[in-house]
Each structure stands twice: as structure tokens, then as C-alpha cells.
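Structural overview
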Amino acid sequence: MAKVAAKTAPASLSVGRRSALAGREALGAGVKVEPLGPAERVSLRAPAESAASLSRALGVTLPEKPKTSAAKGGRVVLWLGPDEWLVLDEEGKDLLGDCAKAKQLHSAVGISHRNMAISVSGPAAEACVSAGCPQDLSLAAFPVGASTRTVLGKAEIILYRPAADAFRVECWRSFSDYVFTFLSEAARDAAA
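A few points on the structure.

Criteria and cut-off values
Residues numbered from 1 in each chain as written. Predicted model: local features only at pLDDT ≥ 70, side-chain atom pairs only at ≥ 80, totals over all residues. Heavy atoms only, no water. Pairing = 2+ DSSP bridges. Helix = DSSP H or I, 4+ residues; strand = E, 2+ residues; numbered from the N terminus. Axes fitted to C-alpha atoms, helices over the stretch in contact; angles between N-to-C directions.

The strands making up a sheet associate through hydrogen bonds between their backbones, and the pairing can be parallel or antiparallel. Spatial strand order, E1-E2-E8-E11-E10-E9: 6 strands in an open sheet with antiparallel pairing. If you trace the sheet from one side to the other, it starts and ends with strand E1 (26–28) and strand E9 (147–152), each paired once. Neighbour-to-neighbour, the strand axes of the sheet open up by a mean angle of 25°, direction not taken into account. Looking at chain direction, strand E8 (residues 115–121) and strand E11 (residues 166–172) are connected through 7 bridges and run antiparallel. Across the sheet, residue serine 119 finds its bridge partner in E11, namely arginine 168.

As C-alpha cells, this is what we get:
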């Protein structure tokens, strides 16, 4: 029986997670689709009486109205339901640790490994996302700061509008190729 020597990587080599969409970009007339960098994400559930304690712990007030968001100090909180929020921190700060400081009842689950974010920006961004989203995404119906759980084509997404001509599309990593390809084709069509 032959012996197989196991090789170990030198301590100076670190293996990081590679983005499922690394190196991809799509351009159309007036629209750019590209993956966003890594971010910390927490799925947060809590009753209304816990919101103040969680807001203090996170350093940003949890929004209470449907389709709204709040941002402060590099963190964004998206309202997803009466007792549900998606908390994002692109600076990589410890969201779960901060949630643990809240002494009120809540559930905080780290989902950074599960989700990916795609940016759709430019004057034709709204037309691009509207190609697969059944909601009215006009500025009047979906203003800057709006967020919602919805679908794009056949995939569930969370949609956030950080600027008049920009959208952040959050989706599960396993659906990211489908969502990115859908948006890439819509970007080409938006020019037509």
C-alpha cells in the first residue's frame, strides 16, 4: 500500500472565499451591472418592544414602515416585515456581536455566506431591474431609500434603492449566476 504524504499550505498562505461572480460585469446603454464586494449581513427578527434596544446596539434606528430603510455609520437596515430586517455592513464590522449587546428578545442570524449583492446603476437602471421585477420601480412608487423583498425573473431577491439611478440586488449565492445573467441581458435590452 502506497503512502500519500499530505501537503499543508504555508502559514503565510490564506485561502479566502472567492466570489461566485468574480470578474463579471455587464454594460448596456446607460446601465452597469456588477457584483458588489463582501459585506456582513444579519437577518434580524424582533418584536416591536425590542426595536429601541437593537437600534442602540447597532447604532442605527430600525425602520418601522414598510419598504423603508435606515443608514448610519456604514450600516444599512432594510425593513422586510413588521418584525424583520436585513442589516448590512460593508465595512465588515461585527453585526452579530453588536446584536448580542441588545438585552431584549430577538433573533440575529449571520447570512453573509449565503447572500451576494449586485449593483445596477446608471440612467437605465430602473428599466433594467423592471425587466424582471413585477413591482412599480418608478421614483414616485419606489423612492430613494426604498427596500422590499420581491422577485426578479424566477428568483427571490431583496431590492434596495440607495440612489435615484442605482439599485442593490441581494440574492442567495446559489441564485447569483441566474440573477446576474438576467440583469446582464436586461441591461442589453434596456438600450433598445
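The next subject is the pairing of strand E10 (residues 155–163). As paired elements, E9 and E10 share 6 bridges and run antiparallel to each other. Within E10, the residue paired with arginine 149 across the bridge is isoleucine 158. Two strands pair when backbone bridges link them, and E10 and E11 are joined in this way by 4 bridges, in the antiparallel orientation. Following the sheet pairing, isoleucine 158 is matched in E11 by glutamate 170.

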